[in-house]
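# Structural overview for review
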Amino acid sequence: MRTEDVLAAVATGLWRWDNASGTVALDSEAARLLGLPAEPVVLPEVAVRSRFHPVDWNEIKAIVDLAVAEGTLAEARLRIVDADGRVLRTVRSRSKPVPTATAHDRIDYELIGTVQEIAEPQPGTTAAHTPITGDWRRSREAFLLDAGRALAEARSTAEVLRVAASLSMPGFSPDGLAVFGVDGDRLSIIGHHGHGPGDETPFTEMRLDTAYPAAEVVRTGRAVYLPTSEEYKRRFPATWKLAEPFGRSSWAFVPLIVAGRTMGAWMAAFKHPVSFSPDERSVLTTVARMLAQALQRAGVTESERELTTGLQRSMMPQLGPEVPGMQIAARYVPTGGGLQVGGDWYDMIPLPSGRFALVIGDVQGHDVRAAGLMGQLRIAVRAYASEGHRPDAVLSRASRFLAGLCSSQEKDGPRGYADGYGGGYGGGYGGGHDGGHDGRYSGGHDGGSAHPYADGGYAGGPDPDYTSPRFATCLYMECDPRTGRLEVARAGHPDPVVRMTDGTVLMRPTAGGLPLGIVPDTDYPTTRFTLEPGETLMLCTDGLIETGGHDLDTGWARLRAVLEAEDPAAGGPEAGGPDAGHLEKLADLLVQAVHGPSSHHTTGPLADRREDDIAVVLLCREGAGCGCGASVSPHTRPARRTVLTVAQAEPERISGARRQVRELLHDWADPDQVDSAELMVSEMVTNVLTHTDGDALLVAEAVGELGTRRLRVEVADSSDELPHKRHPGEMASSGRGVLLMEMLADAWGVDPRGEGKSIWFELREQAKAEDSDG
């Protein structure tokens, strides 16, 4: 009897599916089972596909792809439908993919197998779901969706392994898992679950040529399924003794493949017998592919994190040796996205004169190039400072250095720099660069596409972002630790902030110039003032102020509340006086005020708020009230004092003088007196700039206990001409300054000096009349 007759007698047909040519050869029985005339025929693939239920065709395609990858049989159930979509019968197919070479030397496959009728469902019924396409498939799809989402969210190798260990596969959950990696010519254990400590020892450092299932999977790239312990012993007798003590019944070793490269193997072991049907193999293979991709992503992420963290740590200096009489604290937090590197930096530089310098700066951008420029600029500033140059000379040389550095990088880049530079400079800095806070950072120089050159002439080229010019803001401060005298030069950077001994916080206006690198030859004026004992100075980048949707004003108000709320003597007497780590605690509080505690620096709902790098430096001169030195005497309230110079070329800083006085009197009992003091200061400084050729030096001091304080304000200039009392008419535009002081001040006067004069007034704090009457 012929083979064809035997197969026909048991309702089994033969087919040969040529994937390369897209044709299917059927014998007479196979044609009959597919609802065609019972005769041998060769049909196009589309004609055969039309006979399968579309849901089942999707299933068999995935099963065939799996069999091709693993070199196993493809088994599936198929519903045969007629032209109206009614199910005629259900058949089972068993096929073997055979690799073939095409005309273009490409490897394809030919599917050779059988088609056999089975009893369900009954002919003539509608396309009802079979067990293959029913609830199990829906559970499998839901499981794969959940597993894919969980593995995609894992950010480290440990998290990936934890997710893999928690997977509960529908209908067959493994009780033992292991992930093998490749280390040269040996296996390594990346992680395991369901085993005791030390159980992995025999499998670590195992050579790849060992007769062990995981080693074979790595060598061949094909899965190994062992449904019984007898199968394991038969195929791998040399290593069966290693697996036997675990008491498992079935094992699946699936390759971890990414981009065609086998990076390891995944083992799923079962205590109950598993037959590893095509559907079960499909689930295991899909999970293995997702696991391989998750492990690769986690490995890349961990490598990048290690690289960028090491890069940033190598570039960020440690604070220098202890300074007698002063305490210093600093923090740096990189941006939340990207490579975790940026252009912010700080530095402490010992100087030959016995003094030291503090530097804080911010290179435009928070990418690798910004970090590279930051490192070079930091080294240049340190070199210039160590040579003994004054603050203005250090910044001038640094600006020339950065401009030359960017121009050399831009030389081989795309054309159009001039147009982009002109448009960006005019738009980004049109508000004036050295007065108060009037718009000099308004463009947000750290935002990638928001920098001033974004609309410049870079229409093409290899990498416009790399070759485009960049600038940097910087503040350089030289400090004498014995006297507390500070000399500050500023290049487009936020002004320093001073916290006084009684908790009052003032932003100290300083003269400044353009950011570094914009115009090579730029002058940077120097501002001098004294940090009194017990006062704390804060330097920061704009990321600390503007992060979280704040502008300069609202961001400064947020930080001011933190600085004023912190009590330096929180340690109390039982803790040995003021908290010795007060400055470190204050630095942490400032960073937490922007985006939450340190536990949220990498994950959590606050991570998205980290759109800019943050650098902050705190300098405290030890003394009463600072938290670093002696406690404040409960019977003595320290004086508040501020000093400000308004130059002839900077009339816009008159508004800064008014703001200084108002902040100095933020808790004054009578708001009308605060308005009066602000008005008189404005008149006095304006008169100096209008009627003399010199600068105005403002000194304001408030002394005494709350409610009975005395404010004294002096404005000195170099002119010997004394003010005269006038009687201006209604339409006069000047001449009211002396009259205002007579009306508003409790006392006022003019003191001649060796050079010039000093005009002063005093106000004595008192509650408003209606408050006292009440």
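Look up a bit, the structure's there.
The present account deals with the structure reproduced in this document. (Residues numbered from 1 in each chain as written. Predicted model: local features only at pLDDT ≥ 70, side-chain atom pairs only at ≥ 80, totals over all residues. Heavy atoms only, no water.)

The next point concerns the overall build of the chain. Regarding its fold elements, the chain presents 21 helices and 27 strands. Within the chain, the fraction of its 774 residues that count as buried is 50%. Intrachain contacts of the chain at a sequence separation of at least 6 include 65% that bridge at least 24 residues. When the accessible surface of the chain is split by element, carbon and sulfur atoms take 53% of a total near 34,800 Å². (Helix = DSSP H or I, 4+ residues; strand = E, 2+ residues; numbered from the N terminus. Buried < 20%, exposed > 50% of the residue type's maximum accessible area, 1.4 Å probe, protein only. Contact = heavy atoms within 4.5 Å. Areas by Shrake-Rupley, 256 points an atom, 1.4 Å probe, with all protein chains shown as cover.)

Turning our attention to helix 16 (residues 552-565). Over its 14 residues, helix 16 runs 20 Å from end to end, which matches the ideal 20 Å to within 8%, given 1.5 Å per residue. With a side-chain oxygen positioned 3.1 Å from the backbone nitrogen of Asp 553, the residue opening helix 16 is Asp 551. (Expected span 1.5 Å × (residues − 1). Polar contact = N/O pair within 3.5 Å; in protein donor to acceptor, adjacent residues only side chain to side chain.)

All told, the structure shown has twelve aromatic pairs when counted by the stated rule. Plain terms: the ring middles of Trp 15 and Trp 17 are 5.5 Å apart, the flat faces sit at 90° to each other, and that makes the pair edge-to-face. Like Trp 15, the residue Trp 17 is buried in the burial classification. With a centroid separation of 5.3 Å and an interplanar angle of 55°, the aromatic rings of Tyr 232 and Trp 240 are classed as tilted. You'll find Tyr 232 and Trp 240 in the same group, each marked buried. An aromatic cluster is built from Phe 180, Phe 203, Tyr 212, Phe 246 and Phe 253, whose rings are joined through pairwise contacts. Just above the ring of Phe 529 sits the side chain of Arg 508; from NZ or CZ to the centre is 5.0 Å. (Phe/Tyr/Trp six-rings, centres within 6.5 Å; stacked < 30°, edge-to-face > 60°. Lys NZ or Arg CZ within 6 Å of the ring centre and 35° of its normal.)

Bringing the packing of helix 18 (residues 654-664) against helix 19 (residues 671-691) into the picture now. Running from N to C, helix 18 and helix 19 cross one another at 150°; their axes reach a closest spacing of 9 Å. Comparing their axes, helix 19 and helix 18 come out roughly antiparallel. Where helix 18 crosses over helix 19, the handedness of that crossing is right-handed. Of the residues in helix 19, those touching helix 18 at Ile 654, Ala 657, Arg 658, Val 661 and Arg 662 are Val 674, Asp 675, Ala 677, Glu 678, Val 681, Ser 682, Val 685, Thr 686 and Leu 689. (Axes fitted to C-alpha atoms, helices over the stretch in contact; angles between N-to-C directions. Parallel < 35°, antiparallel > 145°, perpendicular 65-115°, else oblique. Left-handed = near helix turned anticlockwise from the far one by under 90°.)

What follows concerns the pattern of salt bridges. Going through the model one piece at a time under the given rule, you end up with 40 salt bridges. A salt bridge links Arg 390 to Glu 487; the shortest N-O distance between them is 2.4 Å. Taken together, the residues span a long stretch of sequence, with Arg 390 in the loop between helix 11 (368-386) and helix 12 (391-410) and Glu 487 in strand 16 (residues 485-491) at a distance of 97 residues. Between Glu 765 and Arg 709 there is a salt bridge whose closest N-O contact spans 2.9 Å. Highlighted residues: Glu 765 in the loop between strand 27 (757-764) and helix 21 (769-773) and Arg 709 in the loop between strand 24 (696-703) and strand 25 (710-717), separated in sequence by 56 residues. Summarising the burial analysis for this pair, Glu 765 and Arg 709 share the class buried. One network of salt bridges, with partners in common, ties together Arg 710, Arg 712, Glu 714, Asp 751, Glu 762 and Arg 764. (Salt bridge = Lys/Arg side-chain N within 4 Å of Asp/Glu carboxyl O.)

The phi torsion at Ala 259 lies on the positive side, around 55°, for a residue other than glycine. Take Ala 259: it is sitting in the loop between strand 10 (250-258) and strand 11 (261-270). Taking relative accessible area as the criterion, Ala 259 reaches 82% and is therefore assigned exposed. Backbone geometry at Phe 276 places phi at a positive 55°, although glycine is not the residue there. Looking at where Phe 276 falls in the secondary structure, it is placed in the loop between strand 11 and helix 10 (278-315). Look at Phe 276 and you get buried, because its relative accessible area is 3%.

Moving on: the sheet that holds strand 10. If you walk across this open sheet you meet the five strands as 8-7-11-10-9, and the pairing is antiparallel. Of all strands in the sheet, those with a lone pairing partner are strand 8 (186-193) and strand 9 (224-226), marking the two edges. Taking each pair of neighbouring strands and ignoring which way they run, the sheet shows an average axis angle of 20°. Here strand 10 runs beside strand 11; their pairing, made up of nine bridges, is antiparallel. Looking across to strand 11, one finds that Leu 256 is bridged to Gly 264. (Pairing = 2+ DSSP bridges.)

Next up on the list: the pairing of strand 16. Among the seven residues that make up strand 16, six are buried, leaving the element largely enclosed by the rest of the structure. Pairing geometry for strand 15 (residues 472-479) and strand 16, over six bridges, is antiparallel. Counterpart to Leu 475 in the pairing with strand 16 is Arg 490. With five bridges connecting them, strand 16 and strand 20 (residues 526-530) associate as antiparallel partners. Counted as the bridge partner of Glu 487 is Arg 528 from strand 20. In this sheet, strand 19 (residues 512-513) lies alongside strand 16 in parallel orientation, the contact comprising two bridges.

Quick look at helix 6 (residues 157-166) now. Residues of helix 6 that are buried include every one of Thr 157, Val 160, Leu 161, Val 163 and Ala 164, and no others. Buried residues in helix 6, looked at end-on, bunch into an arc of 160°, giving them a common side. Away from its buried face, by an angle of more than 90 degrees, helix 6 presents the exposed residues Arg 162 and Ser 166. (Arc of directions from axis to C-beta.)

Here we come to the nonpolar core. Judged by nonpolar contacts, the single largest core of 35 residues is most densely connected at Phe 143, Val 160, Leu 256, Trp 266, Leu 284, Val 287 and Leu 291. Those elements that provide at least two residues to this core are helix 5 (135-153), helix 6, strand 7 (176-183), strand 10, strand 11 and helix 10. Here this core takes ten residues from helix 10, the largest share from any one element. Leave out the neighbours within four places in its chain, and Trp 266 touches Met 169, Leu 177, Ala 178, Val 179, Ala 252, Phe 253, Val 254, Leu 256, Leu 284, Val 287, Ala 288 and Leu 291. Core analysis: the next-biggest nonpolar cluster, separate from the first, contains 30 residues, Ile 654, Val 681, Val 715 and Met 741 among them. (Core = buried A, V, L, I, M, F, W, Y, C linked by side-chain atoms within 4.5 Å.)

Next up on the list: the environment of Gly 184. Mapped onto the elements of the fold, Gly 184 is located in the loop between strand 7 and strand 8. Assessed through its relative accessible area of 63%, Gly 184 is described here as exposed. Each C-alpha atom, one on Gly 184 and one on Glu 205, is 9.9 Å from the other, the two residues being 21 residues apart in sequence.

A few words on the environment of Asp 5. Checked against the element boundaries, Asp 5 lands in helix 1 (residues 3-9). By relative accessible area, which is 35% here, Asp 5 ends up partly exposed. Here the alpha-carbon distance between Asp 5 and Glu 29, two residues 24 residues apart in the chain, equals 9.6 Å.

If you walk across this open sheet you meet the six strands as 3-2-1-6-5-4, and the pairing is antiparallel. Two strands in the sheet have a free side with no partner beyond their single neighbour: strand 3 (41-44) and strand 4 (74-81). Ignoring strand direction, the axes of neighbouring strands in this sheet form an average angle of 25°. Here four bridges tie strand 2 (residues 23-26) to strand 3, and the two strands are oriented antiparallel to one another. In the sheet register, Thr 23 faces strand 3, and the bridge partner there is Pro 44.

We now examine the pairing of strand 21 (residues 536-540). Consecutive side chains along a regular strand alternate between the two faces of the sheet. Of all five residues that make up strand 21, five are buried, and the element is covered over most of its length. Burial along strand 21 is two-sided: the face carrying Thr 536, Met 538 and Cys 540 and the face carrying Leu 537 and Leu 539 are both buried. Of the pairings in the sheet, the one linking strand 17 (residues 497-499) to strand 21 comprises three bridges and is antiparallel in character. Counterpart to Val 497 in the pairing with strand 21 is Met 538. Examined bridge by bridge, strand 21 and strand 22 (residues 614-621) share five bridges and lie antiparallel to one another. Looking at the pairing, Cys 540 lines up with Val 616 of strand 22.

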